Amino acid sequence: MAALSLLPALPAASLPRTEHSWGGVEFFKDITLQKQRERERRHFLSMLAHDMKNPVLTSIGFLTRILKGKAGPLTDAQRSTLELVLEDQRKLEVLVKDFLEYSRLVNQEDKPVLAPFSMKDALDKSIGSGKAKYDEKAVQVAFDKPAGDPIIQADTIMINRVITNLLDNALKYTNRGGKITVNPVDRPDDILVQITDSGAGIANEHLPHIFDAFYRVNPKSDGSGLGLSIVKKIVEAHGGKIWVESKLGEGSTFSFTLPKQDVRVAPGERAGTVHCSTGS
Ligand SMILES: Nc1ncnc2c1ncn2[C@@H]1O[C@H](COP(=O)(O)OP(=O)(O)OP(=O)(O)O)[C@@H](O)[C@H]1O
Ligand SMILES: [Mg+2]
């Protein structure tokens, strides 16, 4: 739409009617149509996810009641079958909720609600509350606490989601006995946070896609592949950047920045995402 609306502003004489320039108009039309189709597709998918949420929640409620014996006693076979169904319904619930969150961020329906935010506190709390998970896998978490603690303007819930997602991934893709390092750096214009793991690493060919919705290196792995796409949208909505450096078999470092000033991205604009690797 934006591309087409530029055309009437150009004087007719400045548009030589060569085969090439008419091709340009066709090209603009194609892009407009493509964008409209993409919008419609996104709208349809978010409506679908929205309409799926309630039936999924209702069936989880019923299954839970039945498993508690509220509908009468169950045989062992019935119980184990219903437990499998419940597990699948819970996965579907996470998928639907993640997709709705992703859609709201893409459609800019969810905008950051800015308030004073301490990165040091947020990292501290997130690492502390995950202790049981790290201990269970004997993964050591080293938090390089910064000397200073600059207070920035950020959406606490959203940034906590970013931290949790990146830490969960670091844990998920790191073997027993591995190590995760969390390193916040106070820089003149922004705060840089780096989360490094000694895990599986990511091969070069996957790095450019890692932040795409539904992308998973191993399609059979648990998870929807929405986590990093949500993280990216949140960081960009705050005017920050996110990127990954990884070496297959050695581990990965996910880094993101948050500006110290309120430089949220205006609708339609995008902050950059950088992909880089140190080999695979
Ligand atoms: N720290 C990491 N080390 C190795 N691979 C990673 C790491 N973080 C992400 N990945 C790869 O990137 C893919 C996308 O990550 P993302 O968090 O978006 O999805 P997910 O973890 O598969 O599912 P979920 O939606 O539950 O988070 C993962 O499937 C995994 O292959
Ligand atoms: Mg994940």
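A brief report on the enclosed structure follows. Remember, predicted model here, so these are calculated numbers, not experimental data.

We now examine the environment of Pro259. Along the chain, the position of Pro259 falls in strand E7 (residues 251-259). Owing to a relative accessible area of 13%, Pro259 belongs among the buried residues under this scheme. Sequence separation between Pro259 and His238 is 21 residues, and the spatial gap between their C-alpha atoms is 7.5 Å. Once residues lying within four places of it in the same chain are set aside, the contact partners of Pro259 are Ile152, Asp189, Asp190, His238, Gly239 and Gly240.

The next thing to look at is the side chain of Glu93. Looking at where Glu93 falls in the secondary structure, it is placed in helix H3 (residues 76-106). A relative accessible area of 17% means that Glu93 is categorised as buried.

Once that is clear, we can look at the packing of aromatic side chains. One pair of aromatic rings is described through two measures. These are the centre distance and the angle between the planes. Counted according to the given criterion, the structure contains three aromatic pairs. Pairwise contacts between aromatic rings join Phe99, Tyr102 and Phe214 into one cluster.

Glancing now at the site of ligand 1. Contacts to ligand 1 come from 20 residues, most closely from Asn169, Tyr173, Asp197, Ser224 and Leu228. At 3.1 Å from an oxygen atom of ligand 1 is found a main-chain nitrogen or oxygen belonging to Gly225. Contact with the protein chains removes 93% of the 590 Å² of surface that ligand 1 exposes when unbound. The cavity that encloses ligand 1 is the largest pocket.

This paragraph deals with helix H7 (residues 227-237). With eleven of its eleven residues buried, H7 lies for the most part within the structure. Residues of H7 that are buried: Gly227, Leu228, Ser229, Ile230, Val231, Lys232, Lys233, Ile234, Val235, Glu236 and Ala237. At the exit of H7 stands Gly239, carrying a positive phi of roughly 80 degrees.

Here the focus is a negative patch on the surface. Together, Glu83, Glu87, Asp88 and Asp222 make up a negatively charged patch on the protein surface. One can find Asp222 in the loop between strand E5 (190-197) and H7. Overall, the relative accessible area of 55% leaves Asp222 in the exposed class.

Definitions and limits used
Residues numbered from 1 in each chain as written. Chains lettered and ligands numbered in written order. Predicted model: local features only at pLDDT ≥ 70, side-chain atom pairs only at ≥ 80, totals over all residues. Heavy atoms only, no water. Helix = DSSP H or I, 4+ residues; strand = E, 2+ residues; numbered from the N terminus. Buried < 20%, exposed > 50% of the residue type's maximum accessible area, 1.4 Å probe, protein only. Contact = heavy atoms within 4.5 Å. Phe/Tyr/Trp six-rings, centres within 6.5 Å; stacked < 30°, edge-to-face > 60°. Near = heavy atom within 4 Å. Polar contact = N/O pair within 3.5 Å; in protein donor to acceptor, adjacent residues only side chain to side chain. Areas by Shrake-Rupley, 256 points an atom, 1.4 Å probe, with all protein chains shown as cover. 1 Å grid on protein atoms, 1.4 Å probe; cavity = no way out; pocket = protein on both sides within 12 Å on 5 of 7 lines; lining within 4 Å. Sits in = over half its atoms within 2 Å of the grid points. Patch = residues over 30% accessible without salt bridge, like charges linked within 9 Å, V, L, I, M, F, W, Y side chains within 5 Å. Salt bridge = Lys/Arg side-chain N within 4 Å of Asp/Glu carboxyl O. Lys, Arg positive; Asp, Glu negative; His and termini not counted. Charge placed at Lys NZ, Arg CZ, Asp CG, Glu CD.

Nothing here speaks to function; it is all geometry.
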